[in-house]
Amino acid sequence: MSSSTTLYGGAQGRRVTVRDLAAAKERGERWAMLTAYDAMTAGVFDAAGIPVLLVGDSAGMVVYGHESTLPVTIDDLLPLTAAVVRGSSRALVVADLPFGSYQSSPAQALESAARFMKEAGAHAVKLEGGRRILPQVEALVSAGVPVMAHLGLTPQSVNVFGGYRVQGRGQAGDELMADAKDLERAGAFSLVLECVPGDLAQRVTTSLAIPTIGIGAGPATDAQVLVWQDLMGLTPRPAKFVKQYADLAATMDRAARAYADDVRSGAFPAPEHTYS
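Residues numbered from 1 in each chain as written. Predicted model: local features only at pLDDT ≥ 70, side-chain atom pairs only at ≥ 80, totals over all residues. Heavy atoms only, no water.

Looking at an unreviewed UniProt entry, one finds the chain named 3-methyl-2-oxobutanoate hydroxymethyltransferase and attributed to Nonomuraea aridisoli. Turning to the chain, the UniProt record has this under Sequence similarities (unreviewed entry): "Belongs to the PanB family." (UniProt positions renumbered as here; feature names shortened; annotations may be inferred.)

Here it is in structure tokens:
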């Protein structure tokens, strides 16, 4: 069994659970999370052994073409989440609660999360923020909704931050640490740390019993997450923290040009592609 599937403990035919993720932290096993927004991509990542798939509000940019995550709605993400759930069989599927769907009250957060779980089949939800959203986290966990928290650069607050900037330097690092501990006490099962200094991410990781998931947070977190289009080379100007493992943009460009050339020349469709 490859290291990418040990998180399953050898189990086949069942979903990864939050207890599996907690057990992985206890034994020091690192794991990967990827975004997914459709059934076919989810199926590929699921078969590759990716234990957690995130239907991120990053869909606002990579699926819907917005400049940020802010315009995305629940109705935008519900069909994407349902598709990822249908396309996978082992991964834990986490749905992002989009901007405006949980900030006003715990009741709003529970109503939004319930839609993702009832209508799309999500196994957990993710929401951004620290102490200001503790009542929402507590309400969701009390209602039986697993919560993935998110600190550091929280894209839904990009206008407050004045852009996509590293968070948690200096005194802000102590505030982030306090937020992290509060979120753990509130019942979050994991914590995403985005664009924070590596030493701070290491301190948070060693201070928490729940797993941390880094994106631009250095190598010390318990897990890593990337937007799959960044990973696969579809993003023209990826962030500093992205490692591109493929160049699908070039592959797709070559395929599209070859297809168009064959159509223009009459080489496609050939007899083997034609019904008699």
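Having seen it, we continue.
So, the side chain of threonine 221
When you line up the elements, threonine 221 lands in the loop between β7 (212-215) and β8 (223-226). Residue threonine 221 is classed as buried on the basis of its relative accessible area, which comes to 1%. At 2.9 Å, the side chain of threonine 221 and the side chain of glutamine 224 are in polar contact. Look past the residues within four positions of threonine 221 in its chain and what remains in contact with it is Arg30, Leu193, Ala201, Thr205, Thr212, Ile213 and Gly214. (Helix = DSSP H or I, 4+ residues; strand = E, 2+ residues; numbered from the N terminus. Buried < 20%, exposed > 50% of the residue type's maximum accessible area, 1.4 Å probe, protein only. Polar contact = N/O pair within 3.5 Å; in protein donor to acceptor, adjacent residues only side chain to side chain. Contact = heavy atoms within 4.5 Å.)

Things to note about the UniProt feature "binding site: 3-methyl-2-oxobutanoate" (unreviewed entry) in the chain
Feature annotation in UniProt places "binding site: 3-methyl-2-oxobutanoate" (unreviewed entry) on Asp57, Ser58, Asp96 and Lys126, given in this structure's numbering. Spanning 70 residues, the named residues nonetheless gather at one spot, since no C-alpha pair among them exceeds 12.4 Å. Narrowing the list just given to those that line the largest pocket leaves Asp57, Ser58, Asp96 and Lys126. Along the chain, the position of serine 58 falls in the loop between β2 (52-55) and α3 (59-62). For serine 58, the residues in contact, after removing those within four places along its chain, are Thr35, Tyr37, Thr69 and Val227. Relative to the elements of secondary structure, lysine 126 occurs in strand β4 (residues 124-128). The exposure class of lysine 126 is buried, given its relative accessible area of 3%. Dropping the residues within four chain positions of it, lysine 126 is found in contact with Leu54, Val94, Ala95, Asp96, Leu97, Met148, Ala149, His150 and Val192. (1 Å grid on protein atoms, 1.4 Å probe; cavity = no way out; pocket = protein on both sides within 12 Å on 5 of 7 lines; lining within 4 Å.)

Section: the layout of surface pockets
Taken as a whole, the largest pocket holds about 890 Å³ of empty space. If you trace the largest pocket, you find 38 residues lining it, with Glu194, Ile215, Asp230, Ala239 and Phe241 closest to the centre. At the level of elements, β1 (31-35), α3, β4, β6 (190-194) and β8 are the ones that each hand at least two residues to the lining of the largest pocket. Among the residues making up the lining of the largest pocket, the classes are represented as 19 nonpolar, eight polar and eleven charged. (Points joined across faces, edges and corners; volume = space filled by probe spheres on them. Nonpolar A, V, L, I, M, F, W, Y, C, P; charged D, E, K, R; others polar.)

With respect to the pattern of salt bridges
Tallied over the entire structure, the rule returns eleven salt bridges. Between aspartate 222 and lysine 25 there is a salt bridge whose closest N-O contact spans 2.9 Å. Residue aspartate 222 is found in the loop between β7 and β8, and its partner lysine 25 is found in helix α1 (residues 18-26); the two are separated by 197 residues along the sequence. For aspartate 222, a relative accessible area of 12% puts it in the buried group. A salt bridge links glutamate 29 to arginine 27; its shortest N-O distance comes to 2.8 Å. Judged by its relative accessible area of 45%, arginine 27 is partly exposed. Taken together, the shared-partner salt bridges in this structure form one network comprising Asp75, Arg115 and Glu119. (Salt bridge = Lys/Arg side-chain N within 4 Å of Asp/Glu carboxyl O.)

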